[in-house]
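Chain by chain, the residues run as shown.
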Amino acid sequence: MNPYVLTVLLSSLGLGTVLTFASSHWLLAWMGLEINTLAIIPIMARQHHPRAIEATTKYFLTQATAAAMILFASTTNAWLVGEWEIHQLSHPLATTTAMLALALKLGLAPVHFWLPEVLQGIELTTGLILSTWQKLAPFALMIQVAPTINSSLLITLGLLSTLVGGWGGLNQTQLRKILAYSSIAHLGWMVLILQFAPSLTLLSLLLYIIMTSSAFLALKTNNSLTINTLATSWTKAPTLAALTTLVLLSLGGLPPLSGFMPKWLILQELTKQGLPLSATLAAMAALLSLYFYLRLCYAMALTIYPNTLTATAPWRLNFTHLTLPLSVVTILALGLLPLTPAVTAMLTL
């Protein structure tokens, strides 16, 4: 892709998200989401491969549907209540429709079906943008709308997402699909706590972005797309393979890694709010996710790749990638747990 065109598209991507962040009016927020969607579509389709085009079409259709639902919800609210402000979304029909539209935008269960298929069809760098940056604008709206939404709906969406994210990733062999189900599970944890502690949701989102960025960049450096090709990573770069294993365990939420912090604080908050059953179900769903992360770690660290593997020569590693972003996010993904007391102190301010 032409660098100038790519610069314009990435600028538009940033502009759309910032516009949604800054908006207090539904039409302005909708406009930001639309700019965001239209900017990423050419980036997704730049491979000129049938799978990439199919993934782009699926993404466009789901995002257009979600945007239409948001417009419908805001118009309904303006018609019934007379308010266009995001904070003034008060009619039950409008709030439920808006919440489901934002769930579709993010890929929360039960409207998650597009996310694994779309991520599977695009390359890892675009998948990273889709899994991190594209979540920010809908989450900004969701945090603003959350106080007016029925808490049972949010808890149901959260628990369903954690269960589907854990269950769906068990039988996968494609790494991009596994990361998609991982994304669904993490978003479920965030939505679960959204109404009770929005600051915890933001903390979880930040750590999710750090850990997912590290996982995607490590897989891109290794040029791995399936579990089988993960077995070659130890031969290519032993240090990176060891760190990637730890990043995957951090995504699973094992102590003493960074990923344990949000899960620990969320379970504590749910128990404080008198929801021990929800906390137990979420913790059990996290074990499902942990199983497929351990499966990846096993493939990466404890197996020797088959000789019949149709992959690039494992002793060649192309070092043209930028390794500084990978280094920074990997350090953050592994070493933030000791900062938990400082984080909890900041959250209580």
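Definitions and cut-offs
- Residues numbered from 1 in each chain as written.
- Predicted model: local features only at pLDDT ≥ 70, side-chain atom pairs only at ≥ 80, totals over all residues.
- Heavy atoms only, no water.
- pLDDT = per-residue confidence, 0-100.
- Helix = DSSP H or I, 4+ residues; strand = E, 2+ residues; numbered from the N terminus.
- Axes fitted to C-alpha atoms, helices over the stretch in contact; angles between N-to-C directions.
- Parallel < 35°, antiparallel > 145°, perpendicular 65-115°, else oblique.
- Left-handed = near helix turned anticlockwise from the far one by under 90°.
- Contact = heavy atoms within 4.5 Å.
- Nonpolar A, V, L, I, M, F, W, Y, C, P; charged D, E, K, R; others polar.
- 1 Å grid on protein atoms, 1.4 Å probe; cavity = no way out; pocket = protein on both sides within 12 Å on 5 of 7 lines; lining within 4 Å.
- Points joined across faces, edges and corners; volume = space filled by probe spheres on them.
- Domains from an automatic or database assignment.
- Buried < 20%, exposed > 50% of the residue type's maximum accessible area, 1.4 Å probe, protein only.
- Polar contact = N/O pair within 3.5 Å; in protein donor to acceptor, adjacent residues only side chain to side chain.
- UniProt positions renumbered as here; feature names shortened; annotations may be inferred.

Student: Explain the confidence of the model for the chain to me, using residue names and the numbers behind them.
Tutor: The predicted model of the chain averages 89 in pLDDT, with 95% of residues at 70 or higher. No element of the chain has a lower mean pLDDT than helix α12 (residues 233-236), at 78, and none a higher one than helix α9 (residues 175-193), at 95.

Student: Mind laying out the packing of helix α4 (residues 92-106) against helix α7 (residues 133-145), listing which residues take part and the relevant values?
Tutor: Direction vectors running N to C along α4 and α7 enclose 160°, while the axes themselves pass 9 Å from each other. When the axes of α4 and α7 are compared, the pair comes out roughly antiparallel. Both α4 and α7 take part in a crossing whose hand is left-handed. Judged by residue contacts, Met-99, Leu-102, Ala-103, Lys-105 and Leu-106 of α4 engage Lys-135, Pro-138, Phe-139, Leu-141 and Met-142 from α7. Along the lines of polarity and charge, the residues of the contact of α4 with α7 split into eight nonpolar, no polar and two charged.

Student: I'd love a proper account of the layout of surface pockets, names of residues and values included.
Tutor: Approximately 270 Å³ is the volume attributed to the largest pocket. What lines the largest pocket is a set of 15 residues, among which Gln-47, Ile-122, Glu-123, Arg-176 and Leu-225 lie closest to the centre. Of all elements in the fold, only α3 (50-80), α5 (114-121) and α6 (124-131) reach the threshold of two or more residues within the lining of the largest pocket. Looking at the lining of the largest pocket, its residues break down into four nonpolar, seven polar and four charged. Structurally, the lining of the largest pocket is a two-domain feature, drawing no fewer than three residues from each of domain 1 (1-122) and domain 2 (150-348).

Student: Outline the side chain of Lys-177, listing residues and values.
Tutor: Structurally, Lys-177 can be placed in helix α9. With relative accessibility at 18%, the residue Lys-177 sits in the buried group. Ignoring any residue separated from it by four or fewer positions in sequence, one finds Lys-177 in contact with Pro-116, Glu-117, Gln-120 and Gln-172.

Student: Quick one: what's the story with the environment of Thr-148, residue by residue and with numbers?
Tutor: Within the element layout of this structure, Thr-148 appears in the loop between α7 and α8 (151-168). A relative accessible area of 33% means that Thr-148 is categorised as partly exposed. Separated by 78 residues in sequence, Thr-148 and Thr-226 have C-alpha atoms that sit 42 Å apart. The contact partners of Thr-148, leaving out residues within four places of it in the chain, are His-87, Leu-89 and Thr-95. Among the polar contacts listed, one links the side chain of Thr-148 to the backbone oxygen of Leu-89, at a separation of 3.2 Å. A distance of 2.8 Å separates a polar atom in the side chain of Thr-148 from the backbone oxygen of Val-145.

Student: A description of empty space enclosed by the protein should follow, citing residues and the corresponding values.
Tutor: Leftover empty space is mapped by rolling, across the atoms, a probe with the size of a water molecule. Across all of its chains, the model carries four cavities of 30 Å³ or more by this definition. Estimates place the volume of the largest cavity at around 100 Å³. Looking at the largest cavity, it is lined by 13 residues, and the ones nearest its centre are Tyr-59, Gln-63, Lys-105, Gln-134 and Pro-138. For the lining of the largest cavity, the elements supplying multiple residues, two or more each, are α2 (26-44), α3, α4 and α7. When the residues that make up the lining of the largest cavity are grouped by side-chain class, the tally is seven nonpolar, four polar and two charged.

Student: Let's hear about the UniProt feature "transmembrane region" (unreviewed entry) in the chain: which residues, and what values?
Tutor: When the UniProt feature table is mapped onto this chain numbering, "transmembrane region" (unreviewed entry) sits at residues 57-81, 93-115, 152-171, 178-196, 202-219, 240-261, 281-305 and 317-339. Counted over residues 57-81, helix gives 96% and strand 0%. Its end C-alpha atoms are 36 Å apart. In residues 202-219, helix accounts for 100% and strand for 0%; the two terminal C-alpha atoms are 26 Å from one another.

Student: Give me the packing of α9 against helix α10 (residues 198-222): which residues, what numbers.
Tutor: In the contact formed by α9 and α10, the axes pass within 9 Å of each other and the chain directions differ by 170°. Between α9 and α10, the angle is such that the two are roughly antiparallel. Contact residues: α9 offers Leu-175, Leu-179, Ser-183, His-186, Met-190 and Ile-193, while α10 offers Pro-198, Leu-200, Thr-201, Ser-204, Leu-205, Tyr-208, Met-211, Ala-215, Phe-216 and Leu-219. Counted by class, the contact of α9 with α10 contains twelve nonpolar, four polar and no charged residues.

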